[in-house]
Amino acid sequence: MNEQISNQELNERLTLIESMMQEGRRTTGRYAWSFVLWGVAYEVAIIGATWLHLVYAWPVTMVLALVATIAGFSTHKTKSHESTAGRAIGSMWTALGASLFLVLFAYGFSGRMHETQIFVAIATAHLGLVNGASGMLLRWRAQFACAIVWWLSSAAACFITAEQSNYLLMADVFLCQILFGIYAMVLEQKRLNKVNCHA
Amino acid sequence: MPELPELNPIVHGKLRLALLSLLATVEEAEFTWLREKTGSTDGNLGAQLLKLEEAGYIAVEKKFVQRKPQSLYRMTEAGRAALTKYVQALKTLLGGAIEG
């Protein structure tokens, strides 16, 4: 059959394989909305707790964000396919959520939360860890750059004042959650527009 | 002059190649997801999946989830080997064309 096949057709087949494999490997892009959601939730919680002095700003916003995330994931049919990388990344984010909820809630209710900097250092270190691992796994430089921002902030939080740490956390959340989430959503949309009938 | 490799006609079909490429990256996939990714019709997709299944390149598991039928497809070792061999053959053919 080879005689009847042109080089153009062979190249088309290679392109088809590549594009389909990219489709199968898509993971984080589908969940970009949750970055934005959590980013907004963090910002609301920081403003509520720091400047409006609302005692329950953190627990209330976090629980609401969690409920919205669960509702969002249940409407996005994520079980339609499963890749090893996708499951690994999903597991990391679930573990991050459990870890942050447990530690920060315990810290908040312990009555020992006198230094906001410690809170910021713990939260940013956790976020650096998961974004770093995900960025390396997906070979996604933008996400790894976010991880570096989180890690640097975690270290910086140990040396700055409580007020500065609040501003730092707000800036990080805006950059690495909201802006990064919007960027990932734009990429996802572009990819969806590009994917038409290859087959 | 070295002999040019033959392209496997089962893998070479455009939709079948797309399906194998998709299934190579996931552990398993639903029929609906494959349809969405390839943009094919139910009938054509079903027919091509059946050809791949008959060739032993994919395996299907049919079950009911909340009383709805669900077909889960996964690539077999034979399918992975066939796709790898096909890609190597493609590269050899294209390489031969470049070298003239």
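By convention here, each chain's residues receive numbers from 1 onward along its written sequence. All chains are assigned letters beginning at A, and all ligands numbers beginning at 1, according to the order in which they are written. Since the coordinates come from a predicted model, pLDDT governs what is reported: local features require at least 70, and pairs of side-chain atoms require 80 or more to be given and counted, while whole-chain, interface and lining totals use all residues. Only hydrogens and water are set aside when side-chain values are computed; all heavy atoms of the structure are taken into account.

Trainee: Can you help me understand the overall build of chain A in this one?
Mentor: By the criteria applied, helices consist of DSSP H or I runs no shorter than four residues and strands consist of E runs no shorter than two, each listed in order from the N terminus. Across its full length, chain A holds 7 helices and 1 strand. Start at the N end of chain A and walk to the C end: the helices and strands fall as α-α-α-β-α-α-α-α. With a 1.4 Å probe rolled over the protein chains alone, any residue whose accessible area is under 20% of its type maximum counts as buried; one over 50% counts as exposed, and the rest are partly exposed. For chain A, buried positions account for 40% of its 199 residues. Pairs at least 24 residues apart make up 74% of the contacts formed inside chain A by residues separated by at least 6 positions. Residue contacts are counted whenever heavy atoms from the two residues lie within 4.5 Å of one another.

Trainee: Would you mind going over the pairing of strand E3 (residues 68–75) of chain B with me for this structure?
Mentor: Side-chain direction in a regular strand flips from residue to residue, so the side chains alternate between the two faces of the sheet. Residue and element names in this part refer to chain B. Being paired, for any two strands, means DSSP has found at least two bridges between them. Both strand E1 (residues 28–30) and E3 contribute to a ladder of 2 bridges, which runs antiparallel. What sits directly across from Ala29, in E3, is Tyr73. Examined bridge by bridge, strand E2 (residues 58–65) and E3 share 8 bridges and lie antiparallel to one another. Paired with Ala59 across the bridge in E3 is Arg74.

Trainee: Looking at this structure, how should I read the environment of Glu61 of chain B?
Mentor: All names here are of chain B. Assignment of secondary structure puts Glu61 in strand E2. The class of Glu61 is partly exposed, set by a relative accessible area of 38%. Along the sequence, Glu61 and Arg74 sit 13 residues apart, while their C-alpha atoms lie 8.4 Å from each other.

Trainee: Would you mind going over the packing of aromatic side chains with me for this structure?
Mentor: Each pair of aromatic rings is reported with the distance of its centres and the angle of its planes. Residue and element names in this part refer to chain A. The aromatic pairing rule takes the rings of Phe, Tyr and Trp, using the six-membered ring of Trp, and pairs them if the centres are within 6.5 Å, calling planes under 30 degrees apart stacked, those over 60 edge-to-face and the rest tilted. Inspection of every chain in the model, using the stated rule, returns 12 aromatic pairs over all chains. When the centroid spacing of 5.3 Å and the interplanar angle of 75° are considered together, the rings of Phe35 and Trp93 count as edge-to-face. With Phe35 in helix H2 (residues 32–50) and Trp93 in helix H4 (residues 84–109), the pair connects residues that are 58 residues apart, well separated along the chain. With a relative accessible area of 6%, Phe35 lands in the buried category.

Trainee: Where do I start with the pattern of salt bridges in this structure?
Mentor: Oppositely charged side chains can pair when the atoms bearing their charge come close. A side-chain nitrogen of Lys or Arg and a carboxyl oxygen of Asp or Glu constitute a salt bridge if their distance falls within 4 Å. Enumeration over the complete set of coordinates arrives at 4 salt bridges over all chains. Put simply, Lys37 of chain B and Glu36 of chain B hold a salt bridge, and the shortest N to O gap is 3.8 Å.

Trainee: Explanation requested: the confidence of the model for chain A in the structure shown.
Mentor: Should pLDDT be low for a region, the predicted coordinates there are not to be read in detail. Residues and elements named next belong to chain A. pLDDT expresses, on a scale from 0 to 100, how confident the predictor is about each individual residue. Put simply, chain A has an average pLDDT of 84, and 86% of its residues get 70 or more. Element-level pLDDT for chain A is lowest in strand E1 (residues 81–82), with a mean of 65, against a maximum mean of 96 in helix H6 (residues 141–157). Segment residues 195–199: pLDDT under 50, and 14 contacts once partners within four positions in sequence are set aside and those in other chains are kept.

Trainee: Before we go on, may I ask you to explain the confidence of the model for chain B in this structure?
Mentor: With 91% of its residues at a pLDDT of at least 70, chain B reaches an overall mean of 87. No element of chain B has a lower mean pLDDT than helix H5 (residues 77–99) of chain B, at 85, and none a higher one than helix H4 (residues 42–54) of chain B, at 95.

Trainee: Please explain the environment of Ala133 of chain A as it appears in this structure.
Mentor: Residue and element names in this part refer to chain A. Mapped onto the fold, Ala133 is located in helix H5 (residues 116–138). According to the relative accessible area criterion, Ala133 is partly exposed, its value standing at 27%. Once the C-alpha coordinates of Ala133 and Ala147 are considered, the two residues, 14 residues apart in sequence, prove to be 8.5 Å apart.

Trainee: What exactly am I supposed to notice about H5 of chain A here?
Mentor: One turn of an α-helix holds 3.6 residues; hence residues three or four places apart share an orientation. One less than the number of residues in a helix, times 1.5 Å, gives the span that helix is expected to have. The end-to-end C-alpha distance of H5 of chain A, which contains 23 residues, comes to 33 Å, matching closely the 33 Å that a straight helix rising 1.5 Å per residue would cover. A positive backbone phi angle near 55° is found at Arg139 of chain A, which sits one or two residues after H5 of chain A.

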